Amino acid sequence: MTQPQVNEFIPPPECPVFEPSWEEFADPFAYINKIRPIAEKTGICKIRPPPDWQPPFACDVDRLKFTPRIQRLNELEAQTRVKLNFLDQIAKFWELQGCKLKIPQVERKILDLYQLNKLVNEEGGFDAVCRERRWTKISVKMGFAPGKAIGSHLRAHYERILYPYNLFQTGANLPVRTLTSTLTNDTKDKEYTPHDLPQRQSVQPQETCSIARRAKRMRSEVSLYIPTLVLKVQLTLFLTLAAEGLCQNVLSHQVDHYMCLVCGSGSAEDRLLLCDGCDDSYHIFCLIPPLHDVPRGDWRCPRCLVEECGKPAVAFGFEQANRSYTLQTFGDMADSFKSDYFNMPVHMVPTELVEKEFWRLVSTIEEDVTVEYGADIASKEFGSGFPVRNGHFEVSPEDEHYLTSGWNLNNMPVLDASVLTHITADICGMKVPWLYVGMCFSSFCWHIEDHWSYSINYLHWGEPKTWYGAPGYAAEHLEAVMKKLAPELFEFQPDLLHQLVTIMNPNTLMNNGVPIYRTNQCAGEFVITFPRAYHSGFNQGFNFAEAVNFCTMDWMPFGRGCVAHYRQLNRYCVFSHDEMVCNMAIKADTIDVNLAATLHEDMVIMIQQEKELREKITKKGVMQSRQVDYEVLPDEARQCFKCLTTCYLSGITCACSPDKMVCLYHTQNLCSCPPINLTLHYKFTLDELYPLMASVKLRANSYKDWVSNVQDIVENKGTKKKGATTDLLTRVDDFQQRSECLLSDESPSALELQDLLDVSLGLDVELPQLPLLRERLEQARWLETVQQASSRPDSLCLDTMRRLIDQGVGLAPHSSVERAMARLQELLTVSEQWEERVLSLLEARPYQGIETLVAALQEVENIPAYLPNCLQLKDVVTKAKKWLHEAETLQLGGRIPVLDILSELVLRAEGIPVKLDPLSRLEALVSDVKSWKETAAKTFLLKNSPFSLLEVLCPRCDIGSAHQKSKSKKVKEAPQIIKKTLTKLDSLCDMTTLAEVRQREMEILLSLRSSNESKLLPAESCCALSVCVCQKAPSGAMMQCELCRDIFHCGCVTTTAELEYGQAWLCPLCQRSRKPPLDKVLPLLASLQRIRVRLPEGDALRFLIERTVRWQHRVQQACADGVLENVSKMVSVFYFVNIVVDLTLCAVSLFRATLIPELEELMVEGFLLQVTLPETEQLYRYLLYKLVPLPSQSPPCGNSTEQDQKSPKGSPQHKVTAPTKCHTKCIMP
C-alpha cells in the first residue's frame, strides 16, 4: 500500500463479523448475549445471517414518498464547521460596513483565516507577535516552508482582515493602523455571497438529478475582499460620546437636520455618512479611523454593528428539501450523481475510493458538495421492509416464517427478552422501525441511541453502508476530544452530539486516543450497536435500510445512568425509566428469573434514591402530598420544568404555577414560594414500593429454590439405602461430588471431564449435571486448544485466531471462556492493526525512515503471534541496517569507493522499502560516473565502434587474433565480425597488470610487424602470397599500415581522404579510437578525481596518461642522447637503396630492423597510444624526411597521372604496386 498523502484518510481497524449457524440464529437475544463479550469491546459488530435467510422486501414502493434532508458535507464536520462559522462572522462584520471580504491566497492556496487568527491569539495577540517577531514561526505552524518571507504576507493579511475584527470583539480603543492600498472597495466582484449561516443552510436543490454535483474549487477571483479604509469599531465609542455629552447635544437638534453624532456639527454635508440601520449621521473624518470616501454599499454605524454582530447564532440543523421523491426518482437521482461524480458506473466505484473522497470533502472549505438523505421515515406510514401480519404485502407460504422471526425488526423490540416490551407506548424509532433511503455521501453523524439502548440496522438492498463505532467505555473520551477540538460549537449547543448533526474524522479521534472501528454493511447484513457506543457513517450509494432499538437485561444499568446524564444536560427523555421498571415489577411472576435478578438490583437503586429525595424535601418543609396517576397525564404535563426529565414516581408543584412541575432534584427551581406551599405528587408510597421489590426478589430467588429442591430429591436424604439401590446411590453420589468439584473448577481438565462422562454411561438414572458437563467439556477442549496455540506463537497466525474465536462464539458462556475470548480478540485486534500498519509502512511512498520502522519493530516483537508482515518488516530492517553499515564503511577513512560495489549497493537499495539517507548521494555518484563514461566515450570511441571504452583505454591483448579473424571479410564489415576477446578487463585495471599487458602488447605487435613484412619477401610464385582482408594475392594499388605493416587493397579498405605527405596511415584494425588530443583527455581525469569513485575505465585512463607522459619523456631523452643525429648519417645509404630499383621491400625492413630498432619501437608505441600527440607526428615526419626525402621525379609507374606528379601524397610505404615478377618493387609517389 502506498503511503498515505498528507491528510489522506486511513481506514480504522475492522469490527468483529459474526456468522451464526441456523441453531444460533434461532434466538436473537441469546446469540447477541453470546457475542456481547467480544462485540461490546468495539462498540459495533456485523452479523451475516445464514445464506438462506432472505426475507422478501415488503415495503409499499408505490405509496412510499418522502422528503429528504439536505446535507452540505463540509458543514457536517465539526472542525470545518467552526471555520465556516468564523468566516461567516468575518464576512458579516465587513459587509455591515459596506465592504466585501475577499479571502487572499498565499502560495497558491486559500489562506486559512481561522487558523491564522487562532495561532496569533495563542501567541499573545497581534502586538505581541509583531513585537517578538513571531510571524515566521506562525507561517511554519500553518504549513508554509520557512525562508520564503511568508510571515510578512501573513502579517499584512491579518492586519487588514482580522485585526479590526478582533478590536471590535474586545472593544479596545486602539489607534488606527495604516492599511495598504490593496484594500479597495471593488464593485466589480459580482460573485460574492456572504457566508452567513442561514444562507449556507438554505440550499435549494435542483429539480433534476444534477443536485449535489461536485462544486468548483474556490478561485482567487471569487474570494472575499475588503476596502482600503477599514472601519475599526470600538464598543467604547458610544460610552465616550455619552461621557462628553455629545450625544445629548446632537439629539437636541431638529430631526430634519443631519448632524454628526461625534462632533455635533452639520457642516460638510457631502462628507456626512448616514447609517442604513438607524439613520444616525457621522462625518467620515470623525470616525475611528477616518474614511477618505463614502462607502458605496450599505453601511452600519458602530451602535448598529454591535447590535447586529451580537445577535445569537441560529442553531445548526438539517433543512428539508423542497421536493419529495419516490424510491424510483430518488434512485435515478442518486445513481446519476454518483456516476457523474466518479465518471464511472456506480457498481465499479471502489468503496475505498468513496470513503477517502467522503472524508476529503467534509474536511475542506474550498469545495461544497450537497447531497440528500431520506432518514427517519416512519415505517408505520409506508410499511416496513419486513413482512408483517395484516399488512398490504401478501406473504407466500414458504416465507411465512419471516412474519414471526425474531430478526424481523418489527418483532425484536417486543420479544419477551426485550425490556422495551414493558413500555406501553409505540415509540417511533425505538419500538417501531424507521426507514432510511441513502445516496452516495449521505451520512449519519456521531451519536448514541436514545437512553443508550442497543440498535440494530438491516440493509435490505442497495450499495453498502460504511459504519464507524467507538466502544461504550470510550464515550466520555470521545465527547471530551470533540469538545476540545471544536469548543466553539459546544459553547452554543452543549447537547450538540445529541442533535445528530456533527461528525469528526475517525483519524482525528484515533490520533487523540479514541478507539474507532469500522465496517462495510452490505445488503442482507445486520449491524448492531451496543449501549452508549457512539457510531456514525455514510452511504456508498443508493440503498434502503431499516433500524430499530432494543434493550436486554444487561442494558438496565446503562438506562438508569442515561437518565441521570440527561438530567444534567436538560434533555428530554423518550420514556420514563422508572415507569418501565415499575411495570416490570408488577408482572414479576411472569418475567424471566435472570431478568428479575437484574430488575431487583435496579429497583434497589431506584427506591433508595427516591427515599433520600423525599426525606430531603421533607426536611426543607414540603408537607403537602397527593397521590397522582401519572400514566393518564400527557408527557409534557409531567416533565420537569428545569431538567425536562419525565416524572413518574414523584414530582413537585405549586399553586402559583399549576402548569409547572419539577422533579425532586430541582425543587428550588420551581418558584420563589416557601416550601410549605409546595405539594408532592407521588405515584407510590414507599410502603407500596417495598412489596413490589420483594415480589421481584422472590421471583429472582425462585430458581435457586428450585435447584435446591431438585438436589434434595437427587440426594434422597433420609431414605434407607439397601442392596443395589445403595450401590447405585453411592455411585451417583460420587458422580455428583466429582461433578461439583469439576464444575466449580475454573479450568477443569478435558480428560477428567471425559472420564466423568464415561462414568455416567453406567448410571441408569437421569443426571441433571450431564448437559453442563458436556458444555464444560467443549469449553475445556477449546481452552486447551487455545492454550496449545498460544504456547506456539510462531504458528499462531491470524486465521488460527479467527477460527478459535468463531469456535468460542459457539460455546456456552463461562468466565474462563470469556476471558480467553477477550485475550484472543485483543490479540487478534492488535495483530490485525499491526499487520495493516506494518503493511502501510512497507508500502508507503515515499519510504519511511529506518527509525520509524525500528520503533514499529520494537513494538511488534512482543506480540506472541505469527505475523507475516511483521516478519517481513524485521527482514527489511535487517537488510536496511546492513545496507547502511556497508554504505557507511564504503567511504570510511577517506576511501574511494569502487564503482562495482557502489552500483551493487544502489541496486540492492531498490529492493529495500526504507528511506535510506545515503542512497541519494550514492545514486548521484553513480549518475556522475555514468555521465563521465558517456563523455569519455564520446571523446574516444569512433562511430559504431565495436570496442568498449575500457577496451580502447587498456593496452591491446588481442593483437593478432583480431587480424586473423578479419581476413575472412572486408574491413568494411569489421564492426560486425570483431568479437570481444577480453572477458575480464576489470582484472587488468591495476597499474602492475596494465604495465605487464603493455609489455606483452609491444612484444606481440613487433612480432606481428616482422611477420607481415616477411610476407613481402620474394616468393616462387606471387599467387601464393595472401594479403589484405580478402586473403587474395596483391594486385593494383596497395595500402600499407604503419603500425601492423600489413598491406591492403585500396578497394578493400576505406579512407576518408587522401593523406598528406608525412601522415601515417593505420588500418581499421589498428585505428581503435578517435585519438583525442591530450588537452582533451586531461580534464576527463581531473573530473573523475573530483567524483571520487574508482572504476576500471578510470584506472585505464590514468595508466594511458602515465604511459603517454613516459613516452614523451623517452622521445625527449632520445633527442637529448643524439639518437636522431645517427639517423642523419644513414641518409646516403638510404639513397643508395632507393636508386636500386630491384631492391625489395625486404631490404628496407631489414634496414630498419638492423639500423634503428630503438626508434622503431619508439615510433610503434607512439602509434599505439590512443592519444594524439604533436611529438608523434613530429617524430614520424622527422624520420620520414631524413630517411625518405621527397624525390624530384615521379616513380616509374605506367598509369601515374599528372595530378600524382604535381601533388605527391602519402608516405613511401603507404602505396605499393603489385610486381609483374616474383619480387616486389617499392614505388615512391
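Everything below is about the structure shown above.
These numbers come from a predicted model, not from an experiment.

1. Side note on the overall build of the chain
Line of reasoning, step 1. Secondary structure assignment for the chain yields 44 helices and 26 strands.
Line of reasoning, step 2. A total accessible area of about 59,200 Å² is found for the chain, and carbon and sulfur atoms account for 52% of it.

2. Comments concerning the state of the cysteines
Line of reasoning, step 1. What the rule picks out here adds up to zero disulfides.
Line of reasoning, step 2. Of the cysteine sulfurs around Cys 562, a residue in no disulfide, the closest is that of Cys 573, at 7.1 Å.
Line of reasoning, step 3. Its relative accessible area of 0% is what places Cys 562 among the buried residues.

3. Details of unusual backbone geometry
Line of reasoning, step 1. With an omega of 0 degrees, the peptide bond running from Arg 845 to Pro 846 counts as cis.
Line of reasoning, step 2. By secondary structure assignment, the location of Pro 846 is in the loop between helix 28 (815-842) and helix 29 (850-860).
Line of reasoning, step 3. A positive phi angle, close to 55 degrees, is found at Trp 452, a residue other than glycine.
Line of reasoning, step 4. With a phi angle near 55 degrees, Asn 570 is a residue other than glycine that sits in the positive phi range.

4. Comments concerning the sheet that holds strand 18 (residues 535-539)
Line of reasoning, step 1. The sheet built from four strands is open, its strands ordered 13-18-15-16 with antiparallel pairing. Each of the sheet's edge strands pairs with one partner strand only, and the pair in question is strand 13 (443-447) and strand 16 (517-521). Neighbour-to-neighbour, the strand axes of this sheet turn through a mean angle of 15 degrees, independent of strand direction.
Line of reasoning, step 2. Across five bridges, the pairing between strand 15 (residues 465-469) and strand 16 is antiparallel. Paired with Gly 469 across the bridge in strand 16 is Tyr 517.
Line of reasoning, step 3. On top of the sheet, helix 14 (residues 351-361) reaches strand 13, strand 15, strand 16 and strand 18; it is set at about 115 degrees to strand 18, its chief contact.

5. Digging into the packing of aromatic side chains
Ring pairs (aromatic) are described by centroid distance and by the angle formed between their planes.
Line of reasoning, step 1. Scanning the model with the defined rule gives 38 aromatic pairs in all.
Line of reasoning, step 2. An angle of 45 degrees between the planes, with centres 6.4 Å apart, marks the rings of Tyr 630 and Tyr 648 as tilted. Pair noted here: Tyr 630 is in the loop between strand 20 (624-627) and strand 21 (650-654) and Tyr 648 is in the loop between strand 20 and strand 21, with a separation of 18 residues, a long-range link.
Line of reasoning, step 3. Relative to Phe 684, the ring of Tyr 648 has its centre 6.4 Å away and its plane inclined at 65 degrees; by these criteria the two rings are edge-to-face. Pair noted here: Tyr 648 is in the loop between strand 20 and strand 21 and Phe 684 is in the loop between strand 23 (678-682) and helix 23 (686-715), with a separation of 36 residues, a long-range link. The exposure classification of Tyr 648 matches that of Phe 684, with both residues buried.
Line of reasoning, step 4. The ring of Tyr 566 carries Arg 571 above its face, with NZ or CZ at 5.1 Å from the centroid.
Line of reasoning, step 5. For the cation-ring pair, Lys 660 lies above Phe 641, with the distance from its terminal atom to the ring centre recorded as 4.1 Å.

6. Side note on the environment of Ser 339
Line of reasoning, step 1. As for its position among the elements, Ser 339 is in helix 13 (residues 327-342).
Line of reasoning, step 2. Look at Ser 339 and you get partly exposed, because its relative accessible area is 23%.
Line of reasoning, step 3. Sequence separation between Ser 339 and Gly 541 is 202 residues, and the spatial gap between their C-alpha atoms is 9.9 Å.
Line of reasoning, step 4. Discounting chain neighbours no more than four positions away, the residues touching Ser 339 are Met 344 and Val 346.
Line of reasoning, step 5. Side-chain polar atoms of Ser 339 contact the backbone oxygen of Asp 335, separated by 3.0 Å.

7. Brief notes about the packing of helix 37 (residues 1078-1091) against helix 38 (residues 1096-1121)
Line of reasoning, step 1. Where helix 37 contacts helix 38, the two axes come as close as 10 Å, and the packing angle between them is 140 degrees. One way to sum up the angle between helix 37 and helix 38 is to call them oblique. For the crossing formed where helix 37 meets helix 38, the hand is left-handed. Counting all contacts with helix 37, which are made through Leu 1078, Val 1081, Leu 1082, Leu 1084, Leu 1085 and Leu 1088, the residues of helix 38 involved are Gly 1098, Leu 1101, Arg 1102, Ile 1105, Thr 1108 and Gln 1112.

8. Side note on the pairing of strand 2 (residues 44-47)
Line of reasoning, step 1. A two-sided burial pattern is seen for strand 2, the buried positions comprising Ile 44 and Lys 46 on one face and Cys 45 and Ile 47 on the other.
Line of reasoning, step 2. As defined by bridge partners, strand 1 (residues 17-18) adjoins strand 2 across two bridges and the pair is classed as parallel. Bridge assignment links Val 17 to a residue of strand 2, and that residue is Lys 46.
Line of reasoning, step 3. Pairing analysis gives four bridges linking strand 2 to strand 17 (residues 526-529), with the strands arranged antiparallel. Among the inter-strand pairings, Ile 44 is bridged to a residue of strand 17, identified as Thr 529.

So, how was this worked out
Residues numbered from 1 in each chain as written. Predicted model: local features only at pLDDT ≥ 70, side-chain atom pairs only at ≥ 80, totals over all residues. Heavy atoms only, no water. Helix = DSSP H or I, 4+ residues; strand = E, 2+ residues; numbered from the N terminus. Areas by Shrake-Rupley, 256 points an atom, 1.4 Å probe, with all protein chains shown as cover. Disulfide = S-S within 2.5 Å. Buried < 20%, exposed > 50% of the residue type's maximum accessible area, 1.4 Å probe, protein only. Pairing = 2+ DSSP bridges. Axes fitted to C-alpha atoms, helices over the stretch in contact; angles between N-to-C directions. Contact = heavy atoms within 4.5 Å. Phe/Tyr/Trp six-rings, centres within 6.5 Å; stacked < 30°, edge-to-face > 60°. Lys NZ or Arg CZ within 6 Å of the ring centre and 35° of its normal. Polar contact = N/O pair within 3.5 Å; in protein donor to acceptor, adjacent residues only side chain to side chain. Parallel < 35°, antiparallel > 145°, perpendicular 65-115°, else oblique. Left-handed = near helix turned anticlockwise from the far one by under 90°.

The quantities given are spatial measurements derived from coordinates; they are silent on function.
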